[in-house]
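Report on the structure
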Amino acid sequence: MTSALQKNRPGAAFPFDNSYVGLPPHFFAAQAPTAVAEPWLIKLNEALAAELGLDVEALRRDGAAIFSGNLLPEGAEPLAMAYAGHQFGGFSPQLGDGRAILLGEVVDRSGKRYDIQLKGAGPTPFSRRGDGRAAIGPVLREYIISEAMFALGIPATRALAAVTTGEPVYREEVLPGAVFTRVAASHIRVGTFQYFAARGDTDGVRALADYVIDRHYPTLKEAENPYLSLFEAVCERQAALIARWLHVGFIHGVMNTDNMTVSGETIDFGPCAFMDAYDPATVFSSIDQHGRYAYANQPGIGQWNLARLGETLLPLIDAEPDCAVDKANVVIKSYGERFQAHWVAGMREKIGLAGEEDGDLDLVQALLSLMQAQGADFTLTFRRLSDLAGDDAAEPEFAASFREPEACGTWLTQWRERLSRDPQTASERAIAMRRVNPAFIPRNHRVEQAIEAAVENGDFSLFEALLSVLSKPYDDQPGFAAYREPPKPSERVLATFCGT
């Protein structure tokens with residue numbers, strides 16, 4: 001058993017280049033990970049490690065110790081970040097990293113800066129009586145979903161490693177402990193701004209905003225009003241991001257302001273899930289009992305969260321309060337237009353439209369209404385439509401997506417009539433549609449099967465197989481056709497759970 005944290009072991013260093021630690025001391029709490037008993041490396045994302053310029057060979061050798069928190073690499077300056085947040089609409093003025101520890105930052109081979117963070121590495125000053133630990137199920141879920149999102153082309157935090165700790169964690173039951181290593185463009189959230197604003201700390205808000213501009217939006221330094229431009233830029237990234245979620249049927253589950261990054265990445269894959277049968281009211285999160293974060297509510301919640309960000313920036317936007325509010329309101333009102341433009345553009349691509357016509361939105365909505373009424377699987381229906389776009393012989397398979405196959409006849413007639421006015425060939429259209437309509441998503445039942453095998457039997461083969469399939473979501477992969485299929489009634493997952 002490792003009795004104490006080891007420091008600065010030769011050969012285990014990351015090329016750290018830390019900047020957040022240079023902010024004022026009240027932005028974070030210095031906090032080393034807590035050592036664990038018997039760490040074992042479940043998975044190392046070697047491709048990502050190489051992209052980040054890390055020593056892959058050293059990580060193969062020392063990864064269990066490093067990613068469990070037992071071995072602190074040279075150059076690490078571990079800390080827990082302070083932030084606040086609205087959680088299901090209720091404001092908590094102090095949340096912070098209760099079980100996450102930022103080891104430091106690295107600059108990858110393309111010059112982009114990334115955080116390296118351990119989740120489940122022990123208590124911090126923000127733990128609020130929690131144990132600071134994570135169970136293996138949430139760790140595997142976050143690894144699977146984050147890497148699936150990356151492969152789907154959706155901005156998201158990444159998975160660098162997962163380890164078991166050799167120690168139990170106590171939730172509703174006793175579970176094996178684990179630690180997840182997350183990579184992010186940064187971990188700065190709307191709630192980070194709220195933390196300082198709630199304390200009347202305008203200097204803190206300004207220091208954070210300047211840091212965010214330097215790190216994520218450097219061109220805004222020359223803007224006439226950099227802080228208003230920052231607000232616009234964050235709104236644009238979030239509008240684009242949430243539209244992408246809807247295009248693949250993703251439901252975040254906990255869109256609290258402390259779970260919305262200002263970098264525009266998807267973060268915190270707790271009770272998230274991908275929709276099977278299309279229903280805009282779909283909710284999976286066991287803690288979202290009133291459907292606040294249902295699939296169709298996500299765009300509006302995004303706007304609500306961004307309004308909270310705007311409130312924190314008001315003193316920076318204009319010294320005259322009424323003028324600041326007016327300027328911020330223009331930006332927040334434009335969010336709806338930004339989101340709608342991204343969503344409609346993506347839905348045009350999903351049904352194979354190369355041009356733009358006034359009736360395109362009606363055509364999209366008609367298909368979605370039909371899918372909802374007929375219990376059609378979201379992912380499978382669009383993938384089959386991609387096949388049909390290139391081969392009329394695929395129509396029976398597409399029609400089989402619906403409870404009553406003949407129900408799609410009228411819509412198909414309208415769709416084909418609309419396609420006749422586009423310049424693409426059938427082959428070109430089918431290829432383009434397959435690039436945006438995945439064959440594979442992390443089906444909830446498959447994720448749960450992989451987690452159950454690991455928790456109950458220490459079997460990670462299903463986890464590895466699922467990662468392999470999801471790494472190429474837009475390829476047909478005939479040998480893994482079963483992973484395309486929706487769950488059988490007995491396999492349906494109706495609720496997902498937070499990992500804290």
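All of these numbers come straight from a predicted model, not from anything done at the bench. (Residues numbered from 1 in each chain as written. Predicted model: local features only at pLDDT ≥ 70, side-chain atom pairs only at ≥ 80, totals over all residues. Heavy atoms only, no water.)

Some details on the pattern of salt bridges
For side chains of opposite charge, pairing can occur when their charged atoms come near one another. Threshold: Take a side-chain nitrogen of Lys or Arg and a carboxyl oxygen of Asp or Glu: if they are within 4 Å of each other, that pair is a salt bridge. Secondary structure follows DSSP: runs of H or I at least 4 residues long count as helices, runs of E at least 2 residues long count as strands, and numbering of each begins at the N terminus. Working definition: with a 1.4 Å probe on protein chains only, accessible area under 20% of the residue-type maximum means buried, over 50% means exposed, and in between means partly exposed.
Using the criterion set out here, one finds 35 salt bridges in the structure. The partner of Arg 182 in a salt bridge is Glu 142, and the shortest N-O contact between them spans 3.3 Å. Remark: Glu 142 occurs in helix H3 (residues 136-152) and Arg 182 occurs in strand E12 (residues 174-184); sequence separation between them is 40 residues. This pair shows no difference in class: Arg 182 is buried, exactly as Glu 142 is. Close ionic contact of Arg 418 with Glu 357 constitutes a salt bridge, the shortest N to O distance being 3.6 Å. Here Glu 357 lies in the loop between helix H8 (321-350) and helix H9 (360-374) and Arg 418 lies in helix H12 (residues 409-419), a separation of 61 residues in the sequence.

A few points about the packing of aromatic side chains
Rules: Note on ring pairs: Phe, Tyr and Trp rings are taken, using the six-membered ring of Trp, and paired if centres are within 6.5 Å. Classes follow the plane angle, with under 30 degrees stacked, over 60 edge-to-face and the rest tilted. Working rule: Lys NZ or Arg CZ, within 6 Å of ring centre, within 35 degrees of ring normal, means a charge sits over the ring.
Under the defined criterion, the tally for this structure stands at 21 aromatic pairs. Their ring planes at 65° and their centres at 5.9 Å tell us that Phe 480 and Tyr 483 sit as a pair that is edge-to-face. A relative accessible area of 33% means that Phe 480 is categorised as partly exposed. For Tyr 483, a relative accessible area of 14% puts it in the buried group. Taking NZ or CZ as reference, Arg 158 lies 3.5 Å from the ring centre of Phe 150, over its face. Its end group placed over the ring of Tyr 195, Arg 199 keeps NZ or CZ at 3.7 Å from the ring centre.

Regarding helix H13 (residues 426-434)
Along an α-helix, a turn takes 3.6 residues, which lines up residues three or four apart on a common side. How we decide: Here the arc refers to the directions that run from the helix axis out to each C-beta atom. Only heavy atoms matter for contacts: two residues are in contact if any of them lie within 4.5 Å across the pair.
Of the residues making up H13, those classed as buried are Arg 429, Ala 430 and Met 433. Buried residues of H13, seen end-on, are gathered within an arc of 95° and therefore sit on one face of the element. Buried residues along H13 sit against H8, helix H10 (378-390) and H12.

As for the nonpolar core
Condition: The set of buried Ala, Val, Leu, Ile, Met, Phe, Trp, Tyr and Cys residues whose side-chain atoms join them within 4.5 Å is what this entry labels a nonpolar core.
Counting residues in each nonpolar core, the largest one holds 124 residues, and the members touching the most others are Tyr 20, Phe 193 and Trp 415. A per-element tally of this core places helix H6 (residues 226-247) first, with 13 residues. Counting 27 residues, the second largest nonpolar core, distinct from the first, contains Leu 44, Leu 48, Leu 72 and Ala 76.

Points about the side chain of Thr 124
Spelled out, the test is: Throughout this description, a polar contact denotes any pair of N or O atoms lying within 3.5 Å of each other; where both atoms belong to protein, one of them has to be capable of donating a hydrogen while the other can accept it, and for residues adjacent in sequence the pair is counted only when both atoms sit in side chains.
Take Thr 124: it is sitting in the loop between strand E9 (113-119) and strand E10 (134-135). At 2.5 Å, the side chain of Thr 124 and the backbone oxygen of Asp 97 are in polar contact. Setting aside residues up to four positions removed in sequence, Thr 124 forms contacts with Gln 31, Ala 80, Asp 97, Gly 98, Ala 100 and Ile 101.

Points about the state of the cysteines
Linking two cysteines covalently via their sulfur atoms produces the bond known as a disulfide. As a reminder, the rule being used: The term disulfide is used for any two cysteine sulfur atoms that are within 2.5 Å.
Summed over the entire model, instances satisfying the criterion amount to 0 disulfides. Between Cys 235, a cysteine without a disulfide, and Cys 323, which holds the nearest cysteine sulfur, the sulfur-to-sulfur distance is 19 Å. The buried category is assigned to Cys 235, whose relative accessible area is 0%. Using a relative accessible area of 34% as the deciding quantity, one classes Cys 323 as partly exposed.

Concerning the pairing of strand E8 (residues 100-107)
The condition is simple: We treat two strands as partners when DSSP finds at least two bridges between them.
Of all 8 residues making up E8, 7 are buried, and the element is well covered by its neighbours. Judged from the 7 bridges that link them, E8 and E9 form a sheet pairing that is antiparallel. Its bridge partner lying in E9, Val 106 is registered against Tyr 114. In this structure, the hairpin formed by E8 and E9 is closed by a connection of 5 residues, where Gly 111 is found at a positive phi of approximately 90°.

Points about helix H15 (residues 461-470)
When we look at burial in H15, the residues that qualify are Phe 463, Leu 466, Leu 467, Val 469 and Leu 470. Down the axis of H15, the smallest arc covering the buried residues is 165°, so these residues share one side. Tucked inside the fold, the buried residues of H15 contact strand E3 (40-44), H3 and helix H14 (444-457).

Here we look at unusual backbone geometry
Phi at Phe 88 takes a positive value of approximately 55°, unusual for a residue other than glycine. Structurally, the position occupied by Phe 88 is in the loop between strand E6 (85-87) and strand E7 (90-92). Residue Phe 88 is classed as partly exposed on the basis of its relative accessible area, which comes to 30%. Despite not being glycine, Arg 129 has its phi angle at roughly 70°, a positive value. Locating Arg 129 in the fold gives a position in the loop between E9 and E10. Residue classification places Arg 129 among the exposed residues on the basis of a relative accessible area of 87%.

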